[in-house]
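Next come the chains, spelled out residue by residue.
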Amino acid sequence: MSDETEHELGTFSQSAALTLGIELELQIVSGQDYDLLGAAPDLLREMAGREHPGDVKPEITDSMIELSTGICVDYVDALGQLRSIRDTLVHQADRLGVLLSGGGTHPFQHWGRQAIFDAPRFHHLSQLYGYLAKQFTVFGQHVHIGCACPDKALWLLHAFGRYIPHLIALSAASPFVQGVDTGFQSARLNSVFAFPLSGRAPFVLTWDDFAAYYRKMIATGVVKSMKDFYWDIRPKPEFGTIELRVMDTPLTVERAAQIAAYAQALARYLLEEKPVEPREDDYLVYTFNRFQACRFGYDGRLVVPGSAEQRVIRDDILRTMALVEVHAYDLGSTEALNLLRTEVLQGRNGASEVRATHASEGSLEEVVRQGCARWAGRLP
Amino acid sequence: MEHAVFFLPDWPPNFSPLLWIALAVVGAALAGEWVRQNLGLPRITAYPVIGMVVAALAGDPLVAQHSEWLRWGLNVALAILLLELGSRVDLAWLRHNRWLLLTSFCESLAAFGAVFAVGRYLGMAMVPAVLMGAIGMASSPAVIMRVVAESKAQGQVSTRLLVLTALNTIYAVVTLHLATGGLHQHYRGDWVLAISHPLYLLGAGLVVGKLLAEAISRVDRWLIKMRDEYASIVLLGLVLMTIGLIEALRLPVTLCMLFAGLVLRNGTPRAWVFPRHFGSVGGVLVVMLFLVVGMQIRIDHLLTGGILALVLIGARSLAKLGGVLLLARPAGISWRQGLLLGLALSPTAGPVLVAAADVGQLYPELQGTLIPVAMSAAAIMELVGPVIVALCLKFSGERRE
């Protein structure tokens, strides 16, 4: 993977439109001092041969582990799969005396103490990016949305750009970094932006144009495969999906499934009602909106693309939720949408919960401990 | 001529042993650094060696003259180590992973059996053989805590090493006290004493441990808000108070402190983490601890036990290794991790040795049989133990230096 260049973009696989796939990167935490712990090899060894849906894989540092669902038809399916994998993982973690947690960052881990997972691709990334690779010990949720054809995928990708702040505000769960309250709701994304190939995908709307762009990038030698692009949303030809990558891993699998369901309903709304035609100029306000969501969450302001209208992100989410409600109903995710709406109305997300725990308990170790209990579904 | 005020010191000057001890501390600390940088071994490997050399040069009076305050210093060092060690035992983990608890029983029982069998085979009487078996159960908390802390090791091998050490030390102390009861019965035929003495030691020991843990968790709310150094001072004060109490009540330090740590960790669900400087305070005292242990080792100690001591060490290490390996896979570690964990448990325990010495003082008849062999085995492991643990942690890949 690391040394072999993929000169041609693979063909875009067939996948049923609007199917879901969820990947969650998890923190492995020591049961002794609540710091990150490099126990991924142990967990993977004990997980081997256990029955569960989806997959469990290593990540760049050995204190991270990634779980992923199989292809899910709807919210209920996704939630069921997530819970089942979570339970299997937590059971093995219990045997090893380690804890697992959601959240976009570990509140007080020191990046210098992390070790790169022993696999060629990760060593390559570590050599290339130096300390950035270890600083990349952050934890995200990726949601795949199935697309019937590649051109539709690219259209959806760019139509989605406008709603990126929603996904950030809903999932934000990384206020603390290296023991300090950053003031951000999703400080994790600041680590992602440090990478040269992060940001947004180029504005092309046909698969042929995208393949041409890909070939040009390969020719420059800057990238070797699709994996080297760290875009907020990127097409995933092998799966026939677009992959939304801006979310922090939420504090619970329930929240992760709800956010995926919201993205799915939004995709259906965009594809069926075509409320807007994506344009390059939409991206003029993209980074501003994204920053506002990272920094202020629901209270941030976004500029509606193509206008000078500013909206509070909370209002924009609520307004959009009303628009996608009927689609959520058709997809069987009304419950998810209602739960999320309550959170938005109450101004609650992962970041606010982490801050509230810190305010009441006074110690970041206790914040981590409660985070792990919450992830395991053991907090009332 | 008037009598002159003679202010110059005697010649040759009369150096107090304190000077020698201080010199030994400096030497040990520097030697520790040298060992770490040039041989890649933990610093504490150097301390007992330096202690041994200093004692050989300066002679016996060194330790004897200062035994009172040295003993006190050692007690504090040990108390801090044991409190931290106790707090590493997560009962919820043992509940989730019964195999780990079973591993702990298994390796302790195997070690007891091996040492007891060797003792009996070599013609030791029943009671001393039981005492030695009990001592053999415990892995050295001091060596293991320090090597793990120094190499910043984290992972299955190092965490389990600490948990198993805490548990086997507890078993050893309990067995030892029960055996003391047996001794009372054996030598005095006093049943009341046989039952009430161990009951008092264990019961009161647990109560004092619980009291310390309660006291610490009461002040915990304030500790969080205090700067780390000052929180450490408060904790240290509480530990010193407890030691005072333990001495007054003639209770075992080992059990009280381990139990206090255990309650501290498991008494409330709240996350408990020691302030960082608390460990540093212990670190300074640990140099003294290992130095003094070394001072008590004489070259002839290493030899008197002779083959018997080596057989003892070998049988005990193999028993511990077997106990761990037997249940390695069901307990959730790889064979390789099991091998390293089993070997790393081999250092013998100083505090249990102290307890044995106490028993020896109560019953001088044992001095001839029990003490030399046990001392010899302990002395050898005191020198070799840290190296074994360090190598095991190195091969486990859990060191983060």
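Note that the structure is a prediction, hence the values are computed from the model and not measured.

(A) A look at the overall build of chain A. Broken down by element type, chain A carries 14 helices and 13 strands. For a compact globule of 380 residues, the expected C-alpha radius of gyration is about 21 Å, and chain A comes in at 20 Å, within 12% of that figure. Principal axes of the C-alpha set define a box for chain A whose edges measure 55 × 50 × 40 Å. For chain A, buried positions account for 48% of its 380 residues. A sequence separation of at least 24 residues applies to 77% of the contacts in chain A between residues at least 6 apart.

(B) Structural view of the pairing of strand E1 (residues 20-30) of chain A. All names here are of chain A. With 10 of 11 residues buried, E1 lies mostly within the body of the structure. As judged from the 5 bridges shared by E1 and strand E5 (residues 140-146), these two strands associate in the antiparallel manner. What sits directly across from Gly 21, in E5, is His 144. The pairing of E1 with strand E4 (residues 98-101) spans 4 bridges and is antiparallel. Counted as the bridge partner of Val 29 is Leu 99 from E4.

(C) View of the packing of helix H6 (residues 164-171) of chain A against helix H9 (residues 253-273) of chain A. Residue and element names in this part refer to chain A. Contact geometry of H6 with H9 gives a least axis separation of 10 Å together with a crossing angle of 165°. As summarised for this structure, H6 and H9 are arranged roughly antiparallel, according to the angle between their axes. Crossing geometry of H6 relative to H9 is assigned as right-handed. Two secondary-structure elements touch here, H6 through Leu 167, Leu 170 and Ser 171 and H9 through Ile 259, Tyr 262 and Ala 263. Of the residues belonging to the contact of H6 with H9, the class tally is 5 nonpolar, 1 polar and no charged.

(D) Spatial organisation of the environment of Leu 41 of chain B. With respect to the helices, strands and loops of the structure, Leu 41 of chain B is situated in the loop between helix H1 (17-39) and helix H2 (46-58). Sequence separation between Leu 41 of chain B and Leu 161 of chain B is 120 residues; the distance between their C-alpha atoms is 18 Å.

(E) Looking closely at the environment of Ala 17 of chain A. All names here are of chain A. Counting through the fold element by element, Ala 17 comes out in the segment before E1. By C-beta crowding, Ala 17 is classed as partly exposed, having 16 other C-beta atoms within 10 Å. Spatially, the C-alpha atom of Ala 17 lies 9.8 Å from that of Lys 152, the residues being 135 residues apart in sequence. In contact with Ala 17, other than residues within four places in its own chain, are Gly 146, Cys 147 and Ala 148.

(F) Structural detail: unusual backbone geometry. Residue and element names in this part refer to chain A. Residue Tyr 34 is not a glycine yet carries a positive backbone phi of 65°. With respect to the helices, strands and loops of the structure, Tyr 34 is situated in the loop between E1 and helix H1 (40-47). Classification of Tyr 34 by C-beta neighbours within 10 Å gives buried; the count is 26. Phi at Lys 274 is positive, roughly 40°, even though this residue is not glycine. Inspection of the secondary structure puts Lys 274 in the loop between H9 and helix H10 (286-296). Residue Lys 274 is classed as exposed on the basis of its C-beta count, with 10 C-beta atoms lying within 10 Å.

(G) Summary view of the confidence of the model for chain A. Considering every residue of chain A, the mean pLDDT works out to 91; 99% of them sit at 70 or more. The least confident element of chain A, judged by mean pLDDT, is helix H4 (residues 131-135) of chain A at 73; the most confident is H6 of chain A at 97.

(H) Region of interest: the nonpolar core. In this structure, Ala 79, Leu 289 and Leu 291 of chain B are the most contacted members of the largest nonpolar core, which totals 126 residues. Among the elements that make up this core, the one with the highest residue count is helix H9 (residues 156-188) of chain B (13 residues). When near neighbours in sequence (up to four residues on either side) are disregarded, Leu 291 of chain B contacts Ala 24, Val 25, Ala 28, Tyr 47, Ile 50 and Gly 51 of chain B. Within the second largest apolar cluster, 100 residues are counted, among which are Met 64, Ile 242, Ala 265 and Val 324 of chain A.

(I) How the structure looks around the interface of chain A and chain B. With 21 residues of chain A at the interface, the matching set in chain B holds 17 residues. Those elements giving two or more residues to the side of chain A that touches chain B turn out to be H1, helix H2 (75-96) and helix H14 (364-375) of chain A. Tallied by class, residues from the side of chain A that touches chain B come to 4 nonpolar, 7 polar and 10 charged.

(J) Up close: the environment of Trp 375 of chain A. Residue and element names in this part refer to chain A. Examined against the element boundaries, Trp 375 turns out to sit in helix H14. Judged by the 27 C-beta atoms lying within 10 Å of it, Trp 375 is buried. In this structure, the C-alpha to C-alpha distance between Trp 375 and Phe 203, residues 172 residues apart in sequence, is 38 Å. Residue contacts for Trp 375: discarding those within four places in its chain leaves Leu 100, Ser 101, Gly 102, Leu 251 and Thr 252.

(K) Up close: H9 of chain A. All names here are of chain A. Helix length check: H9 (21 residues) gives 30 Å between terminal C-alpha atoms against 30 Å at 1.5 Å per residue, within 8%. Counting buried positions along H9 yields 16 of 21 residues, so the element is predominantly enclosed. Lys 274, located one to two residues past H9, shows a positive phi value of around 40°.

Rules of the game
Residues numbered from 1 in each chain as written. Chains lettered and ligands numbered in written order. Predicted model: local features only at pLDDT ≥ 70, side-chain atom pairs only at ≥ 80, totals over all residues. Helix = DSSP H or I, 4+ residues; strand = E, 2+ residues; numbered from the N terminus. Rg over C-alpha atoms; globule rule 2.2 N^0.38 Å. Buried ≥ 20, exposed ≤ 12 C-beta atoms within 10 Å, placed from the backbone. Contact = placed C-beta atoms within 7 Å. Pairing = 2+ DSSP bridges. Axes fitted to C-alpha atoms, helices over the stretch in contact; angles between N-to-C directions. Parallel < 35°, antiparallel > 145°, perpendicular 65-115°, else oblique. Left-handed = near helix turned anticlockwise from the far one by under 90°. Nonpolar A, V, L, I, M, F, W, Y, C, P; charged D, E, K, R; others polar. pLDDT = per-residue confidence, 0-100. Core = buried A, V, L, I, M, F, W, Y, C linked by C-beta atoms within 7 Å. Expected span 1.5 Å × (residues − 1).

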